[in-house]
Amino acid sequence: VVFLKTGNVLSQNSLFNVNNVEVSANLSANNQLFVNEAIKKGFNELVNKLLLEKDKNKLKNLDSNKIKDLISYYQITETTEDRLTNKLIKKYNIFFDKEKIHNLFYNLEISYSDINQYEIYFLPIHKKNDQIFVYNQNYFYKNWNNADNNELIEFILPLEKIEIIQNINNYRDNLFDLDPKNIFIEYSKKNIALIIIEENNSDKNKIFLKTNIMGKNINKSFILKNTKKKNTNYYDDIIIKAKKEITNLVKSQNLIDIRTPSFINIKFFMDKKNNLVELDKRIKKIDLIENLYFLEINRKYVLLKIKYLGKIDKIINQLKGQNILLELKNDQWSLKII
């Protein structure tokens, strides 16, 4: 039963927003209990989304009042009642203040990752007792996207192709020499990854990752022990651990260091469509742009200086997302609204 829905969801795609934070409590619980729990859960989700594993520990003891101070505002998007359990369930969208988050990370010397809904073309290969399983009888291929739902990275698994099987069989004696680009030939310019699970009769198995992220080859291996706990699936444990490792690799290639901003001078040629009010409105939606300065204004153009974080390629892509085209011609950057 839906009782309440407040307003529209604003700025859904901002890096510092956390949406659909669900909190449940007894029907008699007061509103403050719901809000406090939503903010706590929302902050944990934000940290998991932005930070490397090694940096998360720097924030684990952050005072609850300091966390509340990082909030710009929140929305209650849905309130429902579960009559079977007599619980009230509320969903929140939490909007964090970018400048306050930046100040917090600056003071703690934390770099954060600028990734949102990242795609990786991915194939798990299972080797067990000298047999290689790619598609058929491969638990990892069938269940990879079922275990540990990861909203940050979308793993795109290839359809069955005889060429892929033949390529893998050519390396059956040494799977670690496989080149992911030979598996994903048509996606060689995308982010790609292979995981090789080598299972033997011991209680420890080796997992090997071969990735190409943003054009950079990164390999990593780790050992996972089979604890044989009741009510747990060892193969699911491998998937969960591997997803964390891959997510950490992706984050490491997309880090933003707040302490080292960059600047770029740009000419903005104005007309009815390309006006400063519209440009300013769109640029404010881009998290990596910290400030916009006006250096010179004349009848033909405006000379701007943009202070931004991260790599220029990221800025170009984020500007495109706001229908703004940034181009370099004759050693001069220019900007126009598409």
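Please refer to the structure higher up on the page.
Residues numbered from 1 in each chain as written. Predicted model: local features only at pLDDT ≥ 70, side-chain atom pairs only at ≥ 80, totals over all residues. Heavy atoms only, no water.

**Student:** Quick question: what am I supposed to make of the packing of aromatic side chains here?
**Tutor:** Each pair of aromatic rings is reported with the distance of its centres and the angle of its planes. By the definition in use, this model includes 16 aromatic pairs. Considering the side-chain rings of Tyr-135 and Tyr-141, the 5.1 Å spacing of their centres and the 90° angle between planes classify their relative orientation as edge-to-face. Each member of the pair, Tyr-135 as well as Tyr-141, is classed as buried. Ring geometry for Phe-176 and Phe-208: centres 4.8 Å apart, planes at 55°, overall tilted. Here Phe-176, found in the loop between α6 (162-169) and α7 (180-183), pairs with Phe-208, found in strand β10 (residues 204-213); they are 32 residues apart in sequence, far enough to count as distant. Its guanidinium or amino end placed over the ring of Tyr-301, Lys-267 lies 4.4 Å from that ring's centre, counting from NZ or CZ. (Phe/Tyr/Trp six-rings, centres within 6.5 Å; stacked < 30°, edge-to-face > 60°. Buried < 20%, exposed > 50% of the residue type's maximum accessible area, 1.4 Å probe, protein only. Helix = DSSP H or I, 4+ residues; strand = E, 2+ residues; numbered from the N terminus. Lys NZ or Arg CZ within 6 Å of the ring centre and 35° of its normal.)

**Student:** Explain helix α8 (residues 234-252) to me, please; I cannot follow it from the model alone.
**Tutor:** With 19 residues, α8 should cover 27 Å at 1.5 Å per step; its first-to-last C-alpha distance of 27 Å lies within 8% of that length. By the N-cap criterion, in which a side-chain oxygen at the helix start approaches the backbone nitrogen of a residue two or three places on, α8 is capped by Asn-233, the distance to Tyr-235 being 2.9 Å. (Expected span 1.5 Å × (residues − 1). Polar contact = N/O pair within 3.5 Å; in protein donor to acceptor, adjacent residues only side chain to side chain.)

**Student:** How do you make sense of the pairing of strand β13 (residues 262-269) when you look at a structure like this?
**Tutor:** Moving residue by residue along a regular strand, the side chains alternate between the two faces of the sheet. The sheet contact formed by β13 and strand β15 (residues 301-308) spans 8 bridges and is antiparallel. Looking at the pairing, Asn-265 lines up with Lys-305 of β15. Summarising the sheet, β13 and strand β17 (residues 332-337) pair through 3 bridges and their orientation is parallel. In the sheet register, Lys-267 faces β17, and the bridge partner there is Ser-334. (Pairing = 2+ DSSP bridges.)

**Student:** Would you take a moment to explain unusual backbone geometry for this structure?
**Tutor:** Phi at Asn-20 takes a positive value of approximately 60°, unusual for a residue other than glycine. Checked against the element boundaries, Asn-20 lands in strand β2 (residues 17-26). Its relative accessible area of 52% is what places Asn-20 among the exposed residues. Residues other than glycine seldom take positive phi values, yet Asn-129 does so here, at roughly 50°. Examined against the element boundaries, Asn-129 turns out to sit in the loop between β6 (118-128) and β7 (131-133). For Asn-129, a relative accessible area of 46% translates into the label partly exposed.

**Student:** I tried to follow the sheet that holds strand β16 (residues 324-329) on my own but got confused; where do I start?
**Tutor:** As summarised here, the arrangement of the 5 strands in space is β14-β15-β13-β17-β16, forming an open sheet in which the pairing is mixed. The strands lining the two open edges of the sheet, one partner per strand, are β14 (289-297) and β16. Sheet twist, expressed as the average angle between the axes of neighbouring strands with direction ignored, equals 35°. Lying on the sheet, helix α10 (residues 312-321) is in contact with β13, β14, β15, β16 and β17; it crosses β16 at an angle near 140°. (Axes fitted to C-alpha atoms, helices over the stretch in contact; angles between N-to-C directions. Contact = heavy atoms within 4.5 Å.)

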